[in-house]
Amino acid sequence: QACRIGDAYCTSLATFYRSGPGGTLDAHRAAQLISKACGAGSPRGCQQLGDILLWGEGLAADTTRARQSYERACSADDAFCDRLGKVFALGIGVASDARRARELYERSCTADLGAGCVALGDLYENGTGVGQSFDRARELYSQACEANTGDGCAALGWLYESGRGVAQDSVRARQLYSDACEAGDAWGCDKIGIFYAAGRGVPQDYARARQFYSQACDWGEMNGCGNLGILYEKGLGVAQDYARAQQQYSQACDGAVMAACNNLGMLYLEGRGVAQDTARARQLLRRACSGGVARACSAVEGVPGP
């Protein structure tokens, strides 16, 4: 009813159909509502419509229409220019254009201090289309983090963990990852889980690590799914459960986490939690080896077969 009265409410209603809390997941219905919001001039609706068209959620994937939706969002409000910036940064349906991407990120960052600042900071951290500057990246990530943008806190945490442009500071990194997780960033949850699993600056606590890995995995961070699998395989903070480890590794491997493909391959090779299957093990280990996991390259040499 609120959606019929005011189209801005359509995007809120659509989130229920996209994620299904308290109801039934219905990507097609969500797409209809978001299309209506965009048609009524909602920049958020147009941005979300672009996402749907890019990934093919409820509508056929169409990179041209996705870009057009992002253009409408950006034209209506500079704060929503970051997605269009990514289109040009990654060359999605257009020629890659780092300069154009930077301009769009700058518009978004100036208007919102959120996602646009993080994307712009990434350009400076990696020297993509701009002179590399860790100081400028840190400033932009800090702006985003202070605006409670989770991936800004996570990116800033990585600078402190790795010592890129700042003195290495694990304590500061851990706090920033925690802030990122609290703000809804899945990668930040996985990273803070690693700190607890390893006992880095905190008492080692596998139960806490499991909580953070589970949150990360639930939010779509496949490294979190793989790390959760390790806990179940080894019985760290949980009852040892090879079947659950296999499930978590499968999910992470499907998400292109090569270490998880290696771990899954070893389960099939040794018949732990699954029926022993050397052909499947060899396939997984070869994939992990091709993905840069050195121990998979060594393991696959000992697997019999073609």
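To keep things clear, this report deals only with the structure shown in the data block. Since we're looking at a predicted model, the values are computed, not measured.

This brings us to the layout of surface pockets. By volume, the largest pocket amounts to about 1,300 Å³. Taken together, 33 residues line the largest pocket, and the ones lying closest to its centre are Lys86, Ala115, Val118, Asp151 and Asp185. At the level of elements, helix H4 (43-55), helix H6 (82-90), helix H7 (98-112), helix H8 (115-126), helix H10 (150-162) and helix H12 (186-198) are the ones that each hand at least two residues to the lining of the largest pocket. The class makeup of the residues in the lining of the largest pocket is 14 nonpolar, 7 polar and 12 charged. Here the second largest pocket defines a volume of roughly 190 Å³. Taken together, 14 residues line the second largest pocket, and the ones lying closest to its centre are Ile230, Tyr249, Ala259, Asn263 and Arg295. Of all the secondary-structure elements, those providing two or more residues to the lining of the second largest pocket are helix H14 (222-234) and helix H16 (258-270). With 6 residues, H14 is the single largest residue contributor to the lining of the second largest pocket. Each residue belonging to the lining of the second largest pocket can be placed in one class, and the counts come to 6 nonpolar, 4 polar and 4 charged.

Next up on the list: unusual backbone geometry. The backbone of asparagine 148 sits at a positive phi, close to 65°, despite the residue not being glycine. As for its position among the elements, asparagine 148 is in the loop between helix H9 (134-146) and H10. Located in the positive-phi region is alanine 256, a residue other than glycine, with phi close to 70°. Position of alanine 256 among the secondary structure elements: in the loop between helix H15 (242-254) and H16.

In this structure the tally under the stated criterion is 8 disulfides. For cysteine 109, the disulfide goes to cysteine 117, at an S-S distance of 2.0 Å. Negative torsions about the S-S bond denote left-handed disulfides, and the value of about 90° found for cysteine 109 with cysteine 117 makes this one right-handed. Residues cysteine 109 and cysteine 117 agree in their burial class; the two are buried. Residue pairing for cysteine 181: its cysteine sulfur links by disulfide to cysteine 189, the two sulfurs lying 2.1 Å apart.

Conventions adopted
Residues numbered from 1 in each chain as written. Predicted model: local features only at pLDDT ≥ 70, side-chain atom pairs only at ≥ 80, totals over all residues. Heavy atoms only, no water. 1 Å grid on protein atoms, 1.4 Å probe; cavity = no way out; pocket = protein on both sides within 12 Å on 5 of 7 lines; lining within 4 Å. Points joined across faces, edges and corners; volume = space filled by probe spheres on them. Helix = DSSP H or I, 4+ residues; strand = E, 2+ residues; numbered from the N terminus. Nonpolar A, V, L, I, M, F, W, Y, C, P; charged D, E, K, R; others polar. Disulfide = S-S within 2.5 Å. Buried < 20%, exposed > 50% of the residue type's maximum accessible area, 1.4 Å probe, protein only.

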